[in-house]
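Inside the fold
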Amino acid sequence: MGFLDIGSISSSERTLKDTYDCLILGGGPGGLTAGIYASRGGLSTLVLEKGMEGGTLNFTPLIENYPPFPEIVGMELAQKWTEHAEQMGVAILREGIVEASLTGETLAVKTDQGRTVFGKTIIISTGSSYRQLGLASERRFAGKGVSYCALCDGALFKNKKIAVVGGGNSAIDEALYLSQIADSVTIIHRRDQLRAEKALAEKALRNPKIRFYWDTVLTDIEGARSVESLVMENVKTKTRKREPFDGVFIYVGLEPRSACFKGALEMTEDGFIITDPDTLETSIDRVFAVGDVRKKEIRQIITAAADGAIAASFIIKKYFL
Ligand code: NAP
(Lines give C-alpha, C1' and ligand atoms only; values in the text may rest on other atoms or scores of the structure.)
Protein backbone atom coordinates (compact mmCIF):
# COMPACT_ATOMS: atom_id res chain seq x y z
CA MET A 1 0.00 0.00 0.00
CA GLY A 2 1.24 3.51 -0.65
CA PHE A 3 0.91 6.51 -2.83
CA LEU A 4 1.70 6.71 -6.48
CA ASP A 5 3.99 9.36 -7.78
CA ILE A 6 1.70 10.73 -10.46
CA GLY A 7 4.69 11.87 -12.47
CA SER A 8 5.91 8.28 -12.80
CA ILE A 9 2.81 6.98 -14.56
CA SER A 10 3.44 6.65 -18.27
CA SER A 11 0.63 7.37 -20.69
CA SER A 12 1.01 3.83 -22.12
CA GLU A 13 -0.41 2.49 -18.85
CA ARG A 14 -3.69 4.21 -19.60
CA THR A 15 -5.30 1.11 -21.06
CA LEU A 16 -8.91 1.74 -20.06
CA LYS A 17 -10.71 4.94 -20.90
CA ASP A 18 -8.08 7.60 -20.32
CA THR A 19 -9.72 9.47 -17.47
CA TYR A 20 -13.14 8.97 -15.93
CA ASP A 21 -15.21 11.91 -14.76
CA CYS A 22 -16.09 9.88 -11.69
CA LEU A 23 -14.02 6.96 -10.45
CA ILE A 24 -15.79 4.91 -7.78
CA LEU A 25 -13.78 2.65 -5.52
CA GLY A 26 -16.02 -0.18 -4.33
CA GLY A 27 -19.24 -1.58 -5.76
CA GLY A 28 -21.51 -2.01 -2.74
CA PRO A 29 -24.83 -0.16 -2.30
CA GLY A 30 -23.06 3.21 -1.86
CA GLY A 31 -20.73 2.81 -4.84
CA LEU A 32 -23.33 1.41 -7.24
CA THR A 33 -25.84 4.12 -6.32
CA ALA A 34 -23.19 6.80 -6.79
CA GLY A 35 -22.51 5.22 -10.20
CA ILE A 36 -26.19 5.33 -11.18
CA TYR A 37 -26.48 9.01 -10.22
CA ALA A 38 -23.16 10.01 -11.82
CA SER A 39 -23.88 8.18 -15.04
CA ARG A 40 -27.43 9.55 -15.26
CA GLY A 41 -25.91 12.98 -14.76
CA GLY A 42 -23.83 12.45 -17.89
CA LEU A 43 -20.48 11.63 -16.29
CA SER A 44 -18.27 8.84 -17.55
CA THR A 45 -18.23 6.51 -14.57
CA LEU A 46 -16.16 3.50 -13.59
CA VAL A 47 -16.71 1.34 -10.52
CA LEU A 48 -13.76 -0.75 -9.34
CA GLU A 49 -14.87 -3.76 -7.29
CA LYS A 50 -12.45 -6.49 -6.32
CA GLY A 51 -15.05 -8.98 -5.12
CA MET A 52 -18.67 -9.34 -6.10
CA GLU A 53 -20.75 -6.35 -7.22
CA GLY A 54 -23.11 -5.53 -4.37
CA GLY A 55 -20.36 -6.03 -1.78
CA THR A 56 -21.48 -7.38 1.59
CA LEU A 57 -25.06 -7.60 0.35
CA ASN A 58 -23.94 -10.87 -1.17
CA PHE A 59 -23.27 -12.29 2.28
CA THR A 60 -26.50 -11.09 3.87
CA PRO A 61 -29.00 -13.95 3.99
CA LEU A 62 -32.16 -11.91 4.40
CA ILE A 63 -32.82 -8.16 4.39
CA GLU A 64 -35.98 -6.88 6.08
CA ASN A 65 -35.27 -3.16 6.19
CA TYR A 66 -34.63 -2.03 2.65
CA PRO A 67 -37.92 -0.55 1.47
CA PRO A 68 -40.04 -1.38 -0.40
CA PHE A 69 -38.96 -5.01 0.00
CA PRO A 70 -40.36 -6.46 3.25
CA GLU A 71 -37.99 -9.38 2.68
CA ILE A 72 -35.28 -9.78 0.07
CA VAL A 73 -32.27 -12.09 -0.15
CA GLY A 74 -29.06 -10.05 -0.18
CA MET A 75 -27.68 -11.67 -3.31
CA GLU A 76 -30.87 -10.90 -5.25
CA LEU A 77 -30.72 -7.25 -4.23
CA ALA A 78 -27.04 -7.11 -5.22
CA GLN A 79 -27.90 -8.50 -8.64
CA LYS A 80 -30.76 -6.04 -9.21
CA TRP A 81 -28.52 -3.16 -8.13
CA THR A 82 -25.72 -4.20 -10.48
CA GLU A 83 -28.10 -4.60 -13.42
CA HIS A 84 -29.54 -1.17 -12.73
CA ALA A 85 -26.06 0.40 -12.68
CA GLU A 86 -25.06 -1.32 -15.91
CA GLN A 87 -28.30 -0.25 -17.63
CA MET A 88 -27.43 3.32 -16.69
CA GLY A 89 -24.08 3.01 -18.43
CA VAL A 90 -21.82 2.47 -15.43
CA ALA A 91 -18.66 0.54 -16.33
CA ILE A 92 -17.64 -2.02 -13.71
CA LEU A 93 -14.13 -3.43 -13.50
CA ARG A 94 -13.45 -6.40 -11.22
CA GLU A 95 -10.17 -5.19 -9.79
CA GLY A 96 -9.17 -4.05 -6.32
CA ILE A 97 -7.09 -1.01 -5.53
CA VAL A 98 -3.64 -1.19 -4.00
CA GLU A 99 -2.39 2.39 -4.25
CA ALA A 100 -3.94 5.80 -4.57
CA SER A 101 -2.70 9.19 -5.61
CA LEU A 102 -5.07 11.82 -4.33
CA THR A 103 -3.13 14.98 -5.06
CA GLY A 104 -2.48 16.93 -8.22
CA GLU A 105 -4.66 17.69 -11.20
CA THR A 106 -5.64 14.09 -11.97
CA LEU A 107 -6.47 11.61 -9.28
CA ALA A 108 -5.30 8.04 -9.85
CA VAL A 109 -5.45 4.56 -8.40
CA LYS A 110 -3.40 1.51 -9.17
CA THR A 111 -5.28 -1.80 -9.22
CA ASP A 112 -4.22 -5.24 -8.05
CA GLN A 113 -3.80 -6.14 -11.75
CA GLY A 114 -1.15 -3.46 -12.17
CA ARG A 115 -3.47 -1.13 -14.07
CA THR A 116 -3.61 2.61 -13.37
CA VAL A 117 -6.97 4.32 -13.64
CA PHE A 118 -7.49 8.08 -13.56
CA GLY A 119 -10.43 10.12 -12.30
CA LYS A 120 -11.39 13.77 -12.34
CA THR A 121 -13.25 12.99 -9.13
CA ILE A 122 -13.14 9.96 -6.84
CA ILE A 123 -15.79 8.43 -4.59
CA ILE A 124 -14.41 6.03 -1.99
CA SER A 125 -16.97 3.35 -1.19
CA THR A 126 -14.68 0.55 -0.06
CA GLY A 127 -16.93 -0.39 2.87
CA SER A 128 -15.77 -2.38 5.84
CA SER A 129 -14.98 -5.91 6.89
CA TYR A 130 -15.77 -7.69 10.12
CA ARG A 131 -13.37 -6.97 12.96
CA GLN A 132 -11.49 -9.81 14.61
CA LEU A 133 -11.40 -10.32 18.36
CA GLY A 134 -7.61 -10.56 18.27
CA LEU A 135 -7.13 -13.93 19.98
CA ALA A 136 -4.21 -16.03 18.76
CA SER A 137 -6.48 -19.09 18.70
CA GLU A 138 -8.99 -17.15 16.58
CA ARG A 139 -6.39 -16.89 13.80
CA ARG A 140 -5.34 -20.52 14.28
CA PHE A 141 -8.88 -21.82 13.81
CA ALA A 142 -9.99 -19.41 11.08
CA GLY A 143 -11.75 -21.59 8.50
CA LYS A 144 -11.60 -24.51 10.94
CA GLY A 145 -14.62 -23.61 13.00
CA VAL A 146 -14.04 -19.87 13.36
CA SER A 147 -16.01 -17.85 10.82
CA TYR A 148 -17.03 -14.28 10.01
CA CYS A 149 -19.64 -15.23 7.40
CA ALA A 150 -22.77 -17.15 8.36
CA LEU A 151 -24.04 -17.30 4.79
CA CYS A 152 -20.74 -18.75 3.50
CA ASP A 153 -20.04 -21.25 6.28
CA GLY A 154 -23.37 -21.81 8.05
CA ALA A 155 -24.17 -24.98 6.07
CA LEU A 156 -21.12 -26.69 7.55
CA PHE A 157 -22.79 -26.57 10.96
CA LYS A 158 -26.01 -28.44 10.22
CA ASN A 159 -27.32 -29.85 13.51
CA LYS A 160 -24.19 -28.69 15.35
CA LYS A 161 -23.73 -26.59 18.43
CA ILE A 162 -22.37 -23.15 17.64
CA ALA A 163 -21.73 -19.80 19.28
CA VAL A 164 -21.98 -16.23 18.00
CA VAL A 165 -19.90 -13.50 19.66
CA GLY A 166 -21.32 -9.93 19.76
CA GLY A 167 -24.55 -8.13 20.57
CA GLY A 168 -25.03 -5.79 17.60
CA ASN A 169 -27.30 -6.05 14.55
CA SER A 170 -24.82 -8.28 12.71
CA ALA A 171 -24.52 -10.80 15.54
CA ILE A 172 -28.27 -11.04 16.01
CA ASP A 173 -29.09 -11.13 12.29
CA GLU A 174 -26.60 -13.92 11.72
CA ALA A 175 -27.59 -15.84 14.86
CA LEU A 176 -31.19 -15.86 13.60
CA TYR A 177 -30.03 -17.19 10.24
CA LEU A 178 -27.79 -19.82 11.85
CA SER A 179 -30.61 -20.98 14.14
CA GLN A 180 -32.31 -22.41 11.05
CA ILE A 181 -29.32 -24.65 10.38
CA ALA A 182 -27.58 -25.47 13.66
CA ASP A 183 -28.92 -27.49 16.54
CA SER A 184 -28.37 -24.58 18.92
CA VAL A 185 -26.89 -21.09 18.85
CA THR A 186 -25.37 -19.47 21.93
CA ILE A 187 -24.87 -15.71 21.77
CA ILE A 188 -21.90 -14.65 23.86
CA HIS A 189 -22.19 -10.95 24.69
CA ARG A 190 -19.96 -8.86 26.92
CA ARG A 191 -22.84 -6.86 28.43
CA ASP A 192 -26.30 -7.75 29.72
CA GLN A 193 -28.08 -5.71 27.02
CA LEU A 194 -28.04 -6.07 23.28
CA ARG A 195 -26.91 -3.23 21.05
CA ALA A 196 -29.07 -4.61 18.23
CA GLU A 197 -32.30 -2.86 17.33
CA LYS A 198 -35.40 -3.88 19.27
CA ALA A 199 -37.24 -5.81 16.54
CA LEU A 200 -34.22 -8.04 15.89
CA ALA A 201 -33.36 -8.45 19.57
CA GLU A 202 -36.90 -9.54 20.38
CA LYS A 203 -36.90 -12.10 17.59
CA ALA A 204 -33.70 -13.63 18.97
CA LEU A 205 -34.91 -13.55 22.56
CA ARG A 206 -38.06 -15.43 21.50
CA ASN A 207 -36.19 -18.01 19.42
CA PRO A 208 -36.13 -21.37 21.28
CA LYS A 209 -32.88 -22.41 19.56
CA ILE A 210 -31.01 -19.30 20.71
CA ARG A 211 -29.69 -18.85 24.24
CA PHE A 212 -27.59 -16.04 25.70
CA TYR A 213 -24.49 -15.92 27.83
CA TRP A 214 -24.63 -12.37 29.19
CA ASP A 215 -21.67 -10.42 30.61
CA THR A 216 -19.42 -12.98 29.00
CA VAL A 217 -16.30 -12.73 26.85
CA LEU A 218 -14.59 -15.36 24.76
CA THR A 219 -11.02 -15.76 26.01
CA ASP A 220 -9.78 -18.82 24.11
CA ILE A 221 -10.71 -21.32 21.44
CA GLU A 222 -9.49 -24.89 21.78
CA GLY A 223 -9.35 -28.02 19.67
CA ALA A 224 -7.00 -30.43 17.96
CA ARG A 225 -7.63 -29.74 14.27
CA SER A 226 -10.80 -27.67 14.47
CA VAL A 227 -12.85 -25.91 17.12
CA GLU A 228 -13.88 -28.27 19.91
CA SER A 229 -14.46 -26.01 22.87
CA LEU A 230 -14.65 -22.36 23.91
CA VAL A 231 -13.22 -20.82 27.05
CA MET A 232 -15.31 -17.94 28.40
CA GLU A 233 -15.14 -15.56 31.30
CA ASN A 234 -17.97 -13.82 33.09
CA VAL A 235 -16.79 -10.22 33.35
CA LYS A 236 -18.79 -9.56 36.52
CA THR A 237 -18.05 -12.68 38.56
CA LYS A 238 -14.68 -13.37 36.89
CA THR A 239 -15.61 -17.06 36.72
CA ARG A 240 -14.26 -19.02 33.78
CA LYS A 241 -15.75 -21.99 32.02
CA ARG A 242 -14.88 -24.29 29.17
CA GLU A 243 -17.72 -25.71 27.08
CA PRO A 244 -17.80 -27.91 23.97
CA PHE A 245 -18.82 -26.11 20.75
CA ASP A 246 -18.42 -27.09 17.08
CA GLY A 247 -17.90 -23.57 15.80
CA VAL A 248 -17.96 -19.87 16.54
CA PHE A 249 -19.05 -16.91 14.41
CA ILE A 250 -17.54 -13.56 15.34
CA TYR A 251 -19.46 -10.30 14.83
CA VAL A 252 -17.83 -7.67 17.01
CA GLY A 253 -18.01 -4.60 14.79
CA LEU A 254 -16.53 -3.24 11.63
CA GLU A 255 -13.05 -2.50 10.32
CA PRO A 256 -13.07 0.20 7.61
CA ARG A 257 -11.27 -0.68 4.39
CA SER A 258 -9.29 2.54 4.31
CA ALA A 259 -5.64 1.47 4.71
CA CYS A 260 -4.87 2.60 1.17
CA PHE A 261 -5.73 6.20 2.06
CA LYS A 262 -4.00 6.40 5.44
CA GLY A 263 -1.92 9.53 5.76
CA ALA A 264 -3.64 11.17 2.80
CA LEU A 265 -7.14 11.71 4.12
CA GLU A 266 -8.44 12.83 7.49
CA MET A 267 -9.68 9.80 9.42
CA THR A 268 -10.79 8.82 12.88
CA GLU A 269 -8.33 6.89 15.06
CA ASP A 270 -9.89 3.62 13.95
CA GLY A 271 -9.67 4.50 10.25
CA PHE A 272 -13.15 5.77 9.31
CA ILE A 273 -12.84 8.57 6.72
CA ILE A 274 -14.08 11.96 7.91
CA THR A 275 -16.37 13.78 5.48
CA ASP A 276 -18.38 16.96 5.36
CA PRO A 277 -21.77 15.75 6.64
CA ASP A 278 -23.72 17.54 3.88
CA THR A 279 -21.59 17.02 0.80
CA LEU A 280 -19.57 13.91 1.80
CA GLU A 281 -16.35 15.61 0.62
CA THR A 282 -13.23 14.34 2.34
CA SER A 283 -10.31 16.53 3.41
CA ILE A 284 -9.06 16.45 -0.20
CA ASP A 285 -10.72 18.38 -2.99
CA ARG A 286 -12.62 16.18 -5.51
CA VAL A 287 -12.39 13.10 -3.25
CA PHE A 288 -15.59 11.91 -1.56
CA ALA A 289 -16.40 8.99 0.76
CA VAL A 290 -19.70 7.17 1.14
CA GLY A 291 -21.16 4.25 3.08
CA ASP A 292 -19.57 2.17 5.83
CA VAL A 293 -16.02 3.44 5.22
CA ARG A 294 -16.90 6.95 6.34
CA LYS A 295 -17.45 8.21 9.87
CA LYS A 296 -21.22 8.21 10.38
CA GLU A 297 -23.85 7.32 12.93
CA ILE A 298 -26.22 5.03 11.07
CA ARG A 299 -24.79 2.23 8.95
CA GLN A 300 -27.54 0.70 6.87
CA ILE A 301 -27.94 -0.32 3.25
CA ILE A 302 -30.34 2.58 2.74
CA THR A 303 -27.97 5.15 4.26
CA ALA A 304 -25.09 3.86 2.11
CA ALA A 305 -27.30 4.24 -0.95
CA ALA A 306 -28.31 7.75 0.14
CA ASP A 307 -24.64 8.65 0.61
CA GLY A 308 -23.92 7.52 -2.94
CA ALA A 309 -26.74 9.66 -4.34
CA ILE A 310 -25.61 12.71 -2.34
CA ALA A 311 -21.92 12.48 -3.27
CA ALA A 312 -22.57 11.94 -6.98
CA SER A 313 -25.18 14.73 -7.14
CA PHE A 314 -22.83 17.11 -5.39
CA ILE A 315 -19.97 16.21 -7.75
CA ILE A 316 -22.17 16.94 -10.77
CA LYS A 317 -23.28 20.26 -9.31
CA LYS A 318 -19.83 21.43 -8.19
CA TYR A 319 -17.55 20.21 -11.00
CA PHE A 320 -19.58 19.44 -14.11
CA LEU A 321 -22.44 21.94 -14.50
P1 NAP B 1 -21.68 -2.98 16.13
O2 NAP B 1 -23.02 -2.37 16.00
O3 NAP B 1 -20.50 -2.10 16.33
O4 NAP B 1 -21.76 -4.06 17.29
C5 NAP B 1 -20.61 -4.77 17.68
C6 NAP B 1 -20.97 -5.68 18.85
O7 NAP B 1 -19.81 -6.40 19.24
C8 NAP B 1 -21.45 -4.89 20.08
O9 NAP B 1 -22.49 -5.59 20.71
C10 NAP B 1 -20.19 -4.84 20.95
O11 NAP B 1 -20.47 -4.86 22.33
C12 NAP B 1 -19.51 -6.14 20.59
N13 NAP B 1 -18.06 -6.04 20.71
C14 NAP B 1 -17.23 -5.10 20.19
N15 NAP B 1 -15.95 -5.37 20.49
C16 NAP B 1 -15.96 -6.49 21.25
C17 NAP B 1 -14.96 -7.25 21.86
N18 NAP B 1 -13.67 -6.92 21.77
N19 NAP B 1 -15.33 -8.34 22.58
C20 NAP B 1 -16.63 -8.69 22.67
N21 NAP B 1 -17.64 -8.02 22.09
C22 NAP B 1 -17.30 -6.92 21.39
O23 NAP B 1 -21.30 -3.85 14.83
P24 NAP B 1 -22.25 -4.70 13.86
O25 NAP B 1 -23.27 -5.46 14.60
O26 NAP B 1 -21.33 -5.43 12.94
O27 NAP B 1 -23.00 -3.58 13.02
C28 NAP B 1 -22.23 -2.62 12.27
C29 NAP B 1 -23.15 -1.58 11.66
O30 NAP B 1 -23.94 -2.19 10.63
C31 NAP B 1 -24.13 -1.00 12.67
O32 NAP B 1 -24.32 0.35 12.36
C33 NAP B 1 -25.39 -1.79 12.43
O34 NAP B 1 -26.58 -1.12 12.79
C35 NAP B 1 -25.32 -2.06 10.94
N36 NAP B 1 -26.04 -3.30 10.60
C37 NAP B 1 -27.38 -3.23 10.43
C38 NAP B 1 -28.11 -4.38 10.18
C39 NAP B 1 -29.59 -4.30 10.04
O40 NAP B 1 -30.14 -3.21 9.93
N41 NAP B 1 -30.31 -5.42 10.05
C42 NAP B 1 -27.49 -5.63 10.11
C43 NAP B 1 -26.10 -5.66 10.30
C44 NAP B 1 -25.39 -4.50 10.57
P45 NAP B 1 -21.14 -3.58 23.05
O46 NAP B 1 -22.58 -3.62 22.67
O47 NAP B 1 -20.88 -3.85 24.49
O48 NAP B 1 -20.41 -2.39 22.53
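All of the points below concern the structure found in this document. Just so it is clear, the structure is predicted and the values come from calculations on it, not from any experiment. Residue positions are counted from 1 within each chain, in the order its sequence is given. Local features are withheld for residues below a pLDDT of 70 in this predicted model, meaning they are given only at 70 or higher, and side-chain atom pairs are given and counted only at 80 or more; totals for whole chains, interfaces and linings count all residues. Neither water nor hydrogens contribute to the side-chain values; these are computed over all heavy atoms in the structure.

1. Digging into the sheet that holds strand S14 (residues 240–244)
When DSSP finds two or more bridges between a pair of strands, those strands are recorded as paired. Only DSSP runs of H or I reaching four residues or more are called helices, and only runs of E reaching two or more are called strands; each is numbered from the N terminus. Read from one edge of the open sheet, three strands run S12-S13-S14, paired in antiparallel fashion. Lying at the two open borders of the sheet, with one neighbouring strand each, are strand S12 (216–222) and S14. The sheet shows a mean angle of 25° between the axes of neighbouring strands, taken without regard to direction. Only the contacting stretch of a helix is used when fitting its axis, a line to C-alpha atoms as for every element, and angles between N-to-C directions run 0 to 180 degrees.

2. Side note on the packing of helix H5 (residues 169–178) against helix H6 (residues 198–206)
Interaxial distance between H5 and H6 falls to 10 Å at its minimum, and their mutual angle equals 40°. Between H5 and H6, the angle falls in the class oblique. Between H5 and H6 lies a crossing of left-handed hand. Contacts between H5 and H6 involve Asn 169, Ile 172, Asp 173 and Leu 176 from the first element and Leu 200, Ala 201, Lys 203 and Ala 204 from the second. Among the residues forming the contact of H5 with H6, the class breakdown is five nonpolar, one polar and two charged. Any angle from 65 to 115 degrees is called roughly perpendicular, while one under 35 is roughly parallel, one over 145 is roughly antiparallel, and all others are oblique. In this scheme, a crossing is called left-handed if the near helix is turned counterclockwise away from the far one by less than a right angle; it is called right-handed if the turn is clockwise. By the convention used here, residues are in contact when the closest approach between their heavy atoms is within 4.5 Å. Ten residues, namely Ala, Val, Leu, Ile, Met, Phe, Trp, Tyr, Cys and Pro, are considered nonpolar, four, namely Asp, Glu, Lys and Arg, are considered charged, and the remaining ones, Gly among them, are considered polar.

3. Some words on the pairing of strand S13 (residues 229–234)
Among the six residues of S13, five are classified as buried, and the element is accordingly described as predominantly covered. Bridging between S12 and S13 involves six bridges; their strand directions are antiparallel. Counted as the bridge partner of Val 217 is Glu 233 from S13. Bridge count between S13 and S14: five bridges; the pairing is antiparallel. Its bridge partner being in S14, Ser 229 is matched across the sheet by Pro 244. Hairpin connection, S13 to S14: the antiparallel pair is bridged by five residues, and Lys 238 has positive phi, about 65°. Exposure is judged per residue with a 1.4 Å probe applied to protein chains only, and the accessible area is read against the type maximum: over 50% gives exposed, under 20% gives buried, and values in between give partly exposed.

4. Some remarks on the layout of surface pockets
One number sums up the size of the second largest pocket: a volume of about 180 Å³. Gly 143, Lys 144, Gly 145, Val 146, Ser 147, Asp 153, Leu 156, Phe 157, Lys 160, Ser 226, Val 227 and Asp 246 are the residues that line the second largest pocket. Split by residue class, the lining of the second largest pocket holds four nonpolar, four polar and four charged. Lining residues are those with an atom within 4 Å of a point, where the points come from a 1 Å grid over the protein atoms alone and group into cavities, where a 1.4 Å probe fits but cannot get out, or pockets, open sets with protein on both sides within 12 Å along at least five of seven lines. Grid points are joined across faces, edges and corners, and a volume is the space filled by probe spheres set on the points.

5. So, the nonpolar core
If you look at the biggest cluster of nonpolar residues, it comprises 27 residues, and the most contacted ones within it are Cys 22, Leu 57, Ile 63, Tyr 66, Leu 77, Trp 81 and Ile 123. Considering each element in turn, this core owes the most residues, six residues, to helix H7 (residues 301–320). In this structure Leu 57 touches Pro 29, Ile 63, Gly 74, Met 75, Leu 77, Ala 78, Trp 81 and Ile 301, once residues within four positions along its chain are discounted. Among buried residues, the Ala, Val, Leu, Ile, Met, Phe, Trp, Tyr and Cys ones that are joined through side-chain atoms within 4.5 Å form a nonpolar core.

6. Concerning the side chain of Glu 233
Structurally, Glu 233 is set in strand S13. In this structure Glu 233 comes out as buried when scored by relative accessible area, which is 16%. Reaching out from Glu 233, the side chain makes a polar contact with the side chain of Arg 240 at a distance of 3.2 Å. Excluding anything up to four places from it in sequence, Glu 233 contacts Asp 215, Thr 216, Val 217, Thr 219, Lys 238, Thr 239 and Arg 240. Side-chain atoms alone can form a polar contact between residues adjacent in sequence; in general such a contact is a pair of N or O atoms within 3.5 Å, and within protein one must be able to donate a hydrogen while the other accepts it.

7. Focus: the packing of helix H1 (residues 29–40) against helix H2 (residues 74–87)
Two elements in contact, H1 and H2, have axes separated by 9 Å at closest approach and are oriented at 25°. One finds that H1 runs roughly parallel with respect to H2. You can see that H1 and H2 cross each other, and the crossing is left-handed. Residues Pro 29, Leu 32, Thr 33 and Ile 36 of H1 pack against Trp 81, Thr 82, His 84 and Ala 85 of H2. The class makeup of the residues in the contact of H1 with H2 is five nonpolar, three polar and no charged.

8. Concerning unusual backbone geometry
A cis amide bond links Pro 67 to the next residue, Pro 68, at an omega of 5°. With respect to the helices and strands, Pro 68 occurs in the loop between strand S2 (45–48) and H2. Positive phi is not limited to glycine here, since Lys 238 has a value of about 65°. Tracing the backbone through its elements, the reader meets Lys 238 in the loop between S13 and S14. On the accessibility criterion, Lys 238 (55% relative accessible area) is exposed.

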